[in-house]
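If you want the building blocks of each chain, they are given just below.
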Amino acid sequence: MLKKLEIKNFTVFEDITVEFAPGLNVVIGENGTGKSHLLKLGYCVMKSSWEAGKEKKKASEAGLKPEMISYHDLFTKNLLNTFGAESIDNLGSKSNSGIHVVGSFDDTGYQFSYNKSLWESSGVTVRNNEKYMSVPPVFIPPKEVLTMYSWLPGLYGKYDFKLDQTYPDLTDLLQVPLLRSPDSTLIGNLVSVIQTTIGGKIIIKNNRFYLRLNNGTDREVELIAEGFRKLGLLSYIVLNGTLEIGNTLFWDEPESNLNPLILKKLAKILYELSELGFQIILATHSLFLMKEIHILSSESQHPVSYISLEKKQGKVSVQQVNDIGDLDVIPSLEAEIEQAPIFLNTP
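Residues numbered from 1 in each chain as written. Predicted model: local features only at pLDDT ≥ 70, side-chain atom pairs only at ≥ 80, totals over all residues. Heavy atoms only, no water.

A. Geometry of the overall build of the chain. When helices and strands are tallied, the chain shows nine helices and 14 strands. Here the chain, with 347 residues, has 50% of them falling under the buried criterion. The long-range share in the chain, meaning contacts at least 24 apart out of those at least 6 apart in sequence, stands at 66%. Taken as a whole, the chain presents about 16600 Å² of accessible surface, with 49% of it coming from carbon and sulfur. (Helix = DSSP H or I, 4+ residues; strand = E, 2+ residues; numbered from the N terminus. Buried < 20%, exposed > 50% of the residue type's maximum accessible area, 1.4 Å probe, protein only. Contact = heavy atoms within 4.5 Å. Areas by Shrake-Rupley, 256 points an atom, 1.4 Å probe, with all protein chains shown as cover.)

Structure (structure tokens):
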């Protein structure tokens with residue numbers, strides 16, 4: 001699980017440190033404050049560690065002496081592909097300044113840092129490099145991917161798509177076959193709730209996804225609501241073992257194309273997953289989703305970490321609290337308060 005990110009001179013971040021709880025983390029802030037960038041950076045940090053562990057294991061199984069794993073190459077590749085940048089220089093918040101990123105993990109005690117000024121040479125400092133992430137992180141982007149499954153994996157590697165790496169990464173995870181015996185706890189707490197909500201089970205047939213309705217009819221996912229597709233994807237990556245206890249799930253704008261009734265169910269699903277042992281880091285603009293999560297945490301006393309990003313005079317600062325009421329600024333709340341008199345006075 002991701003414990004902490006220390007970031008200097010990276011995109012919109014001049015100098016911030018963010019600590020993540022082992023359970024549910026909710027990142028909020030106005031547009032341009034770096035919510036998505038924070039999630040993507042955390043994802044790149046964890047993915048690079050997991051890939052390095054795979055490379056070392058592969059070399060060991062082949063009877064080869066593993067060379068020093070190049071975090072420089074892995075991290076550079078993941079940053080460029082995930083952020084869609086043409087060069088590392090373009091990711092710096094200031095020209096001629098070093099990018100510095102340190103990621104810390106609870107389960108490995110592993111830390112590493114990258115400095116842009118040294119990028120072309122070693123570019124990396126590694127501590128405790130015998131330990132790596134044992135499971136891959138999962139990133140769910142704002143747009144659903146079930147409808148991309150049949151064409152994206154083959155075309156992305158060949159053509160220059162203006163689509164960040166989180167989309168093909170997720171479609172790759174969907175290619176993993178279903179488990180014979182999925183975790184019964186997760187099935188009870190997640191899959192059955194989702195299948196009831198969307199009216200059936202997500203299946204794959206002829207290299208396409210379908211919703212198998214309760215009456216046995218198969219309907220192409222293109223013909224069901226996008227919000228249902230997003231929930232269906234969540235259930236599918238549980239059933240194929242991609243999402244298992246101990247994973248870190250990054251989810252950018254989960255509220256996209258979900259109505260309040262379904263958002264209420266999603267809040268409960270995410271909260272229960274965090275109680276089961278998942279680390280969830282989500283970025284949201286939805287005050288409704290934040291309220292529902294706050295209600296759930298108040299009722300069960302299982303803390304939630306709220307991470308608020310705010311830009312003042314061009315500099316992004318961070319505030320972290322365990323109670324949404326302690327936040328100095330909630331942009332979506334301020335917008336709702338401004339809108340309320342207009343709405344109430346409308347004939």
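B. Spotlight on the packing of aromatic side chains. A complete count under the given rule lists six aromatic pairs for this structure. Measuring from centroid to centroid gives 5.0 Å for phenylalanine 209 and tyrosine 236, while their planes differ by 90 degrees, and the two rings are edge-to-face. A residue pair is termed long-range when its members are at least 10 positions apart, and phenylalanine 209 in strand β9 (residues 208-213) and tyrosine 236 in helix α6 (residues 226-239) qualify at 27 residues. When its relative accessible area of 4% is taken as the criterion, tyrosine 236 is described as buried. Aromatic ring contacts, followed pair by pair, group Tyr43, Phe139 and Phe250 into a single cluster. Above the plane of the ring of tyrosine 210 lies lysine 205, whose end atom (NZ or CZ) is 4.7 Å from the centre. (Phe/Tyr/Trp six-rings, centres within 6.5 Å; stacked < 30°, edge-to-face > 60°. Lys NZ or Arg CZ within 6 Å of the ring centre and 35° of its normal.)

C. Up close: a nonpolar patch on the surface. There is a patch of nonpolar side chains on the surface, built from Trp151, Leu155 and Tyr159 and spanning about 290 Å² of accessible area. Checked against the element boundaries, tryptophan 151 lands in the loop between β7 (138-140) and α3 (152-156). (Patch = residues over 30% accessible without salt bridge, like charges linked within 9 Å, V, L, I, M, F, W, Y side chains within 5 Å. Salt bridge = Lys/Arg side-chain N within 4 Å of Asp/Glu carboxyl O.)

D. Representation of the pattern of salt bridges within the structure. Counting across every chain of the model gives eleven salt bridges. Here the salt bridges do not stand alone but share partners, grouping Lys47, Glu51, Lys77 and Asp169 into one network.

E. Local environment of the pairing of strand β11 (residues 248-252). Within β11, five of the five residues are buried, leaving the element largely enclosed by the surrounding structure. In β11, alternate side chains face the same way, and those of Thr248, Phe250 and Asp252 on one face and Leu249 and Trp251 on the other are all buried. Taken together, the three bridges between β7 and β11 define a ladder with parallel strand orientation. Paired with phenylalanine 139 across the bridge in β11 is phenylalanine 250. Pairing analysis gives five bridges linking β11 to strand β12 (residues 279-283), with the strands arranged parallel. Within the sheet, the bridge partner assigned to phenylalanine 250 lies in β12 and is isoleucine 281. (Pairing = 2+ DSSP bridges.)

F. Region of the structure containing the packing of helix α5 (residues 184-198) against α6. Orientation of α5 relative to α6, taken along the N-to-C sense of each, is 150 degrees, at an axis distance of 9 Å. Classified by the angle between their axes, α5 and α6 sit roughly antiparallel to one another. When the axes of α5 and α6 are compared, the crossing they make is left-handed. Of the residues in α6, those touching α5 at Leu186, Ile187, Leu190, Val191, Ile194, Gln195, Thr197 and Ile198 are Phe228, Leu231, Gly232, Leu234, Ser235, Val238 and Leu239. Split by residue class, the contact of α5 with α6 holds eleven nonpolar, four polar and no charged. (Axes fitted to C-alpha atoms, helices over the stretch in contact; angles between N-to-C directions. Parallel < 35°, antiparallel > 145°, perpendicular 65-115°, else oblique. Left-handed = near helix turned anticlockwise from the far one by under 90°. Nonpolar A, V, L, I, M, F, W, Y, C, P; charged D, E, K, R; others polar.)

G. Inspection of the sheet that holds strand β8 (residues 200-205) at higher detail. Pairing within the open sheet is antiparallel, and its three strands lie in the order β8-β9-β10. Lying at the two open borders of the sheet, with one neighbouring strand each, are β8 and β10 (218-220). Each strand axis lies, on average, 40 degrees off the axis of its neighbour in the sheet, ignoring direction. As paired strands, β9 and β10 are joined by three bridges and run antiparallel to one another. Each bridged residue has a counterpart across the sheet, and for leucine 211 the counterpart in β10 is arginine 219.

H. Representation of the sheet that holds β7 within the structure. Spatially, β7-β11-β12-β3-β13-β14 is the arrangement adopted by the six strands of the open sheet, whose pairing is mixed. A single partner strand is all that each edge strand has here, and the edge strands are β7 and β14 (315-321). Each strand axis lies, on average, 15 degrees off the axis of its neighbour in the sheet, ignoring direction. In this fold α6 packs onto β7 and β11, with an angle of close to 170 degrees to the strand it touches most, β7. Across the sheet, helix α7 (residues 260-276) touches β3 (24-29), β11, β12 and β13 (304-312), and the angle it forms with β12 is around 145 degrees.

I. Region of the structure containing helix α2 (residues 71-83). Relative to the 18 Å expected for 13 residues at 1.5 Å per residue, α2 spans 17 Å between its end C-alpha atoms, a close match to the ideal helical length. Among the residues of α2, those classed as buried are Tyr71, His72, Leu74, Phe75, Thr76, Asn78, Leu79, Thr82 and Phe83. (Expected span 1.5 Å × (residues − 1).)

J. Expanded view of α7. The terminal C-alpha atoms of α7, which comprises 17 residues, lie 24 Å apart, in line with the 24 Å expected from a rise of 1.5 Å per residue. For α7, the full list of buried residues reads Ile262, Leu263, Leu266, Ala267, Ile269, Leu270, Tyr271, Glu272, Leu273 and Ser274. Two or three places before leucine 261, at the start of α7, stands the capping residue asparagine 259, its side-chain oxygen 3.0 Å from that residue's backbone nitrogen. Positive backbone phi, approximately 125 degrees, marks glycine 277, located one or two places after α7. (Polar contact = N/O pair within 3.5 Å; in protein donor to acceptor, adjacent residues only side chain to side chain.)

K. Quick look at the confidence of the model for the chain. Looking at the chain as a whole, the pLDDT averages 84, with 85% of positions reaching at least 70. Least confident of the elements in the chain is strand β6 (residues 124-127), whose mean pLDDT is 47; most confident is β10, at 97. (pLDDT = per-residue confidence, 0-100.)

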